[in-house]
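# Geometric and topological summary
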Amino acid sequence: MTSKNLFFRLTVEEMRRRLWAEALTFLLLFFTFPVGIAMEISSMKTRGGLTAGEIGSNVARWCSVRNPMLVVIVAVLSVIFAAAGFSYLHSRQKTDFYHSLPITREILFFSRAAVGIFIPFVIWLINLLLALAVLAVNGIPVGAATAAGFNGLAFFFVHYLLLYSVGVLAMIVTGNQIIGIL
């Protein structure tokens, strides 16, 4: 017999299993957003001649679509979360275990897929808010950076969903984890 809140219990358990991926994602985005923006602000201030508004508009591109480092991070995160979530399919013992649980395979799939979508989005949002706090602490107007940051979040998250879906499909269809990652 299954309970009504089984999906949420599976999701929480899957989040516990993927703590390493969550920590890696947080570190990648922490050094990209708050630390990268703090370094960008300090280098602009040492060059001098720029007002706070000009620094704010220059820093806004750091959070936006024009940052090529974010393209690489999105691709890496999608591969990591797809491989981490569905790697159990490539081990006979793990597959037998998970498919013998008294839950439907749809609930198992959606709980694993939801974790792979939810965690990067929340961590990205937290680091974006930390980056905006860094701007505010340095006395730089956050209007342009806020708009660019949330537009970049929406743009990159759509791309993340596309790459993650392809990665999940590759992990499900292939019979080998290395081939699925490639």
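Since the model is a prediction, treat every value here as computed from it, not as a measurement.

### A few points about helix α3 (residues 34–47)
Note on helix geometry: an α-helix contains 3.6 residues per turn, so any two residues three or four positions apart are oriented the same way. Helix length check: α3, at 14 residues, gives a terminal C-alpha distance of 20 Å against a target of 20 Å (1.5 Å per residue), a fit within 8%. Every buried residue of α3 is accounted for by P34, G36, I37, E40, I41 and M44. Seen from one end, α3 has its buried residues packed into an arc of 165°, which puts them on one side. Exposed and facing more than 90 degrees away from the buried side of α3 are M39 and T46. G48, located one to two residues past α3, shows a positive phi value of around 75°.

### Points about empty space enclosed by the protein
Using the criterion set out here, one finds 1 cavity of 30 Å³ or more in the structure. Looking at the largest cavity, the residues that line it are V74, L77, P120, F121, W124, L153, F156, F157 and Y160. Among the elements of the structure, α5 (68–86), α7 (105–137) and α8 (143–173) are those that each provide at least two residues to the lining of the largest cavity. The element best represented in the lining of the largest cavity is α8, accounting for 4 residues.

### Focus: α8
Taking 1.5 Å per residue as the helical rise, α8 with its 31 residues ought to reach 45 Å, and the 45 Å between its terminal C-alpha atoms agrees with that figure. Those residues of α8 lying buried are A145, A148, G149, G152, L153, F156, F157, Y160, Y164, G167, V168 and M171.

### Side note on the packing of aromatic side chains
Evaluated as defined, the whole model comprises 8 aromatic pairs. Considering the side-chain rings of F26 and F30, the 5.8 Å spacing of their centres and the 15° angle between planes classify their relative orientation as stacked. Taken together, the residues span about one helical turn, with F26 and F30 both in helix α2 (residues 19–32) at a distance of 4 residues. Judged by its relative accessible area of 31%, F26 is partly exposed. Between Y160 and Y164, the ring centres sit 5.6 Å apart and the planes meet at 15°, which makes this aromatic pair stacked. In this pair, Y160 and Y164 both sit in helix α8, 4 residues apart, roughly one turn of the helix. The same class applies to Y160 and to Y164, which are both buried. An aromatic cluster of at least three residues, connected via ring pairs, comprises F33, W124, F155 and F156.

### Describing the confidence of the model for the protein chain
This prediction gives the protein chain a mean pLDDT of 80; 81% of its residues lie at or above 70. Within the protein chain, the lowest mean pLDDT, 63, falls on helix α6 (residues 92–100), and the highest, 90, falls on α2.

Definitions and limits used
- Residues numbered from 1 in each chain as written.
- Predicted model: local features only at pLDDT ≥ 70, side-chain atom pairs only at ≥ 80, totals over all residues.
- Heavy atoms only, no water.
- Helix = DSSP H or I, 4+ residues; strand = E, 2+ residues; numbered from the N terminus.
- Expected span 1.5 Å × (residues − 1).
- Buried < 20%, exposed > 50% of the residue type's maximum accessible area, 1.4 Å probe, protein only.
- Arc of directions from axis to C-beta.
- 1 Å grid on protein atoms, 1.4 Å probe; cavity = no way out; pocket = protein on both sides within 12 Å on 5 of 7 lines; lining within 4 Å.
- Points joined across faces, edges and corners; volume = space filled by probe spheres on them.
- Phe/Tyr/Trp six-rings, centres within 6.5 Å; stacked < 30°, edge-to-face > 60°.
- pLDDT = per-residue confidence, 0-100.

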